[in-house]
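Coordinate inspection notes
Below, each chain spelled out in residue letters.
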Amino acid sequence: MISFTRAKKYLPLTFIAFVAIVAVVIVQSATVEKRQWSGQNSILSEIIPAKDHDNDLVADTIPILEDFRQFLGLVAADDRDKKIHIARKNGVPFAAIIPTVALDGYSSGIEMIVGVNADGTIAGLRVTAHNETPGLADYIDVRKSNWILTFNGKDIRSNFNARERVKKNRTTGGYDQMTGATITRKAVILQVKKTLSYFQIAQPLAAAAQ
């Protein structure tokens with residue numbers, strides 16, 4: 001057995017090792033948090049560019065009204081933590097970035113964020129996750145198509161065309177548009193309209209100004 005005297009000699013080393021482990025855990029945790037913040041900030045900044053706001057889009061949030069979570073398609077367990085992100089200039093909120101999910105996509109839910117300006121127009125729209133058929137749904141990915149960008153500046157009264165930018169087949173005279181593609185487009189449009197309705201009813205910018 002190790003005597004008490006000898007054990008005392010190891011105490012400083014044990015303490016140093018403990019402090020080192022704690023320091024590593026803290027650094028790793030901070031690194032993960034920084035990466036998560038960076039990832040969120042990157043996608044939010046596609047809606048509201050850094051030059052247009054002077055607050056932290058990731059941290060500046062307000063809760064979503066519980067009665068409207070299903071209306072916004074936020075029914076999954078992972079959606080419980082989702083909140084509305086607020087963009088401010090000189091402390092004044094001027095846009096809200098609202099998470100929403102189109103549950104009636106061709107394959108499954110289409111996760112989106114919709115930026116809405118104070119006047120009710122769309123500041124930007126991005127699809128953040130989906131399981132739609134590759135190829136058919138390429139146009140909802142801003143890296144592959146500009147269809148999502150056609151929503152910019154529109155409001156709830158605007159005409160959203162599910163067949164916009166679809167090429168016509170010279171042989172048949174019909175449209176080269178498969179059923180899955182049509183369903184995906186219509187699901188996105190319907191959910192965007194719902195999100196704009198939520199913005200009008202819930203008035204998130206007024207809540208953020210309080």
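Procedures and definitions
- Residues numbered from 1 in each chain as written.
- Predicted model: local features only at pLDDT ≥ 70, side-chain atom pairs only at ≥ 80, totals over all residues.
- Heavy atoms only, no water.
- Helix = DSSP H or I, 4+ residues; strand = E, 2+ residues; numbered from the N terminus.
- Buried < 20%, exposed > 50% of the residue type's maximum accessible area, 1.4 Å probe, protein only.
- Contact = heavy atoms within 4.5 Å.
- Core = buried A, V, L, I, M, F, W, Y, C linked by side-chain atoms within 4.5 Å.
- Pairing = 2+ DSSP bridges.
- Salt bridge = Lys/Arg side-chain N within 4 Å of Asp/Glu carboxyl O.
- Phe/Tyr/Trp six-rings, centres within 6.5 Å; stacked < 30°, edge-to-face > 60°.
- Lys NZ or Arg CZ within 6 Å of the ring centre and 35° of its normal.

Points about the overall build of the protein
When helices and strands are tallied, the protein shows three helices and five strands. Counted from the first residue to the last, the protein has its helices and strands arranged as α-β-β-β-β-β-α-α. When each of the 210 residues of the protein is scored for burial, the buried share is 38%. Sequence separation of at least 24 residues holds for 55% of the intrachain contacts in the protein that already meet a minimum separation of 6.

Points about the nonpolar core
Core analysis: the biggest nonpolar cluster contains 33 residues, and F151, V188 and V192 have the highest contact counts within it. Where this core is concerned, the elements lending two or more residues are strand 2 (84–89), strand 3 (92–102), strand 4 (110–117), strand 5 (122–129), helix 2 (179–202) and helix 3 (204–209). No other element matches helix 2, which puts eight residues into this core. Among all residues touching V188, those that are not within four sequence positions of it are A102, I110, M112, L125, I140, W147 and F151. By size, the runner-up hydrophobic cluster in this structure holds nine residues, among which are I47, I48, A87 and I97.

Thoughts on the sheet that holds strand 1 (residues 61–62)
Taken in spatial order, the five strands line up as 1-2-3-4-5 in an open sheet, and their pairing is antiparallel. In this open sheet, the two edge strands, each paired with only one partner strand, are strand 1 and strand 5. The pairing of strand 3 with strand 4 spans eight bridges and is classified as antiparallel. Within strand 4, the position partnered with A102 by the bridge is I110.

Details of the pairing of strand 4
Buried residues dominate strand 4, accounting for six of its eight residues. Bridge analysis of strand 4 against strand 5 gives six bridges, and the strand direction is antiparallel. In the sheet register, M112 faces strand 5, and the bridge partner there is V127.

With respect to unusual backbone geometry
Its identity as a non-glycine residue notwithstanding, N90 has a phi of 55°, on the positive side. Mapping N90 onto the fold places it in the loop between strand 2 and strand 3. Positive phi is not limited to glycine here, since Q203 has a value of about 50°. With respect to the helices and strands, the residue Q203 is situated in the loop between helix 2 and helix 3.

Some thoughts on the pattern of salt bridges
Taken as a whole and judged by the stated rule, the model has nine salt bridges. The closest approach of N and O atoms between K51 and D52, which form a salt bridge, is 3.1 Å. Among the residues examined, K51 registers a relative accessible area of 66% and is labelled exposed. A relative accessible area of 32% means that D52 is categorised as partly exposed. R80 serves as the salt-bridge partner of E66, at 2.9 Å between the closest nitrogen and oxygen. Note that E66 is positioned in the loop between strand 1 and strand 2 and R80 in the loop between strand 1 and strand 2, a separation of 14 residues in sequence. With relative accessibility at 46%, the residue E66 sits in the partly exposed group. You can call R80 partly exposed: its relative accessible area is 46%.

Some details on the packing of aromatic side chains
Enumeration over the complete set of coordinates arrives at three aromatic pairs. Geometrically, the ring pair formed by F68 and F71 is edge-to-face, given 6.2 Å between the ring centres and 80° between the ring planes. Between F68 and Y198 the ring centres are 5.3 Å apart and the planes differ by 70°, which places this aromatic pair in the edge-to-face class. Highlighted residues: F68 in the loop between strand 1 and strand 2 and Y198 in helix 2, separated in sequence by 130 residues. For Y198, a relative accessible area of 1% corresponds to the buried category. Through successive ring pairs, a cluster of aromatic residues spans F68, F71 and Y198. The ring of W147 carries the charged tip of R185 above its face, separated from the ring centre by 5.0 Å.

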